[in-house]
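Now for the letters of each chain:
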Amino acid sequence: QAQLVESGGGLVQAGGSLRLSCAASERTFSRYAMGWFRQAPGKEREFVAAVRWTGGNTYYADSAKGRFTISRDNTQNTVYLQMNSLKPEDTAVYYCAGGSGNFPTRASSYPYWGQGTQVTVSS
């Protein structure tokens with residue numbers, strides 16, 4: 001069945017880098033907009049980055065701009081989030097999502113979600 005699986009999370013010191021991957025089980029996702037969201041304890045899920053199916057249009061939250069890069073490889077049905085200069089406030093569970101909506105920065109635009117991967121940034 002259709003599934004999104006995140007990987008690449010872990011523990012890193014402030015200033016370090018991580019590369020998250022989101023593998024899709026079906027080629028259908030290659031035609032979807034893909035997004036990354038995160039949720040810290042006690043907080044609402046928030047938008048991080050998104051890319052349209054062509055890969056030519058990307059979107060970033062202000063907190064991610066200049067530090068994070070979203071990309072996709074449709075031949076591998078995989079979306080990536082390269083995270084550099086990580087800060088303790090980046091600590092959260094990171095989720096990838098797929099959908100065909102017209103609002104790639106909105107969680108409500110994504111009907112398909114992964115299980116999440118934990119990112120912990122120590123000070």
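What you are looking at is a predicted structure, and each value in this text was computed from that prediction instead of being measured.

**Re the sheet that holds strand β3 (residues 18-24)**
- Taken in spatial order, the four strands make up an open sheet running β1-β3-β8-β7, and their pairing is antiparallel. On the outer flanks of this sheet lie β1 (4-7) and β7 (68-73), each paired with one strand and no other. Each neighbouring strand pair of the sheet contributes to a mean axis angle of 15 degrees, computed without reference to strand direction.
- As defined by bridge partners, β3 adjoins strand β8 (residues 78-83) across six bridges and the pair is classed as antiparallel. Directly across from L18, in β8, lies its bridge partner M83.

**Structural notes on the nonpolar core**
- Ranked by internal contacts, the top residues of the largest apolar core, which has 26 residues, are M34, W36, V48, F68, L81, M83 and Y94.
- Among the elements of the structure, β3, β4 (33-39), β5 (46-51), β7, β8, β9 (92-99) and β11 (117-122) are those that each provide at least two residues to this core.
- Residues within four places of L81 in sequence aside, it is in contact with L18, R19, L20, W36, V48, A49, F68, T69, I70 and Y94.
- One finds F37, A50, A97 and Y110 within the second-largest nonpolar core, a separate group that totals seven residues.

**Looking at the pattern of salt bridges**
- Enumeration according to the criterion identifies four salt bridges in this entry.
- The closest approach of N and O atoms between E46 and R38, which form a salt bridge, is 2.7 Å.
- Via salt bridges that share partners, R38, E46, R67 and D90 belong to a single interconnected network.

**Some thoughts on the state of the cysteines**
- Inspection of every chain in the model, using the stated rule, returns one disulfide.
- The disulfide partner of C22 is C96, and the gap between their sulfur atoms is 2.0 Å. Linking C22 and C96, the disulfide has an S-S dihedral of approximately 60 degrees and is accordingly described as right-handed. With C22 in strand β3 and C96 in strand β9, the pair connects residues that are 74 residues apart, well separated along the chain. Comparing C22 with C96, the two get one shared label, buried.

Procedures and definitions
Residues numbered from 1 in each chain as written. Predicted model: local features only at pLDDT ≥ 70, side-chain atom pairs only at ≥ 80, totals over all residues. Heavy atoms only, no water. Pairing = 2+ DSSP bridges. Helix = DSSP H or I, 4+ residues; strand = E, 2+ residues; numbered from the N terminus. Axes fitted to C-alpha atoms, helices over the stretch in contact; angles between N-to-C directions. Core = buried A, V, L, I, M, F, W, Y, C linked by side-chain atoms within 4.5 Å. Buried < 20%, exposed > 50% of the residue type's maximum accessible area, 1.4 Å probe, protein only. Contact = heavy atoms within 4.5 Å. Salt bridge = Lys/Arg side-chain N within 4 Å of Asp/Glu carboxyl O. Disulfide = S-S within 2.5 Å.

Take it as geometry only, folks, not as evidence of what the structure does.
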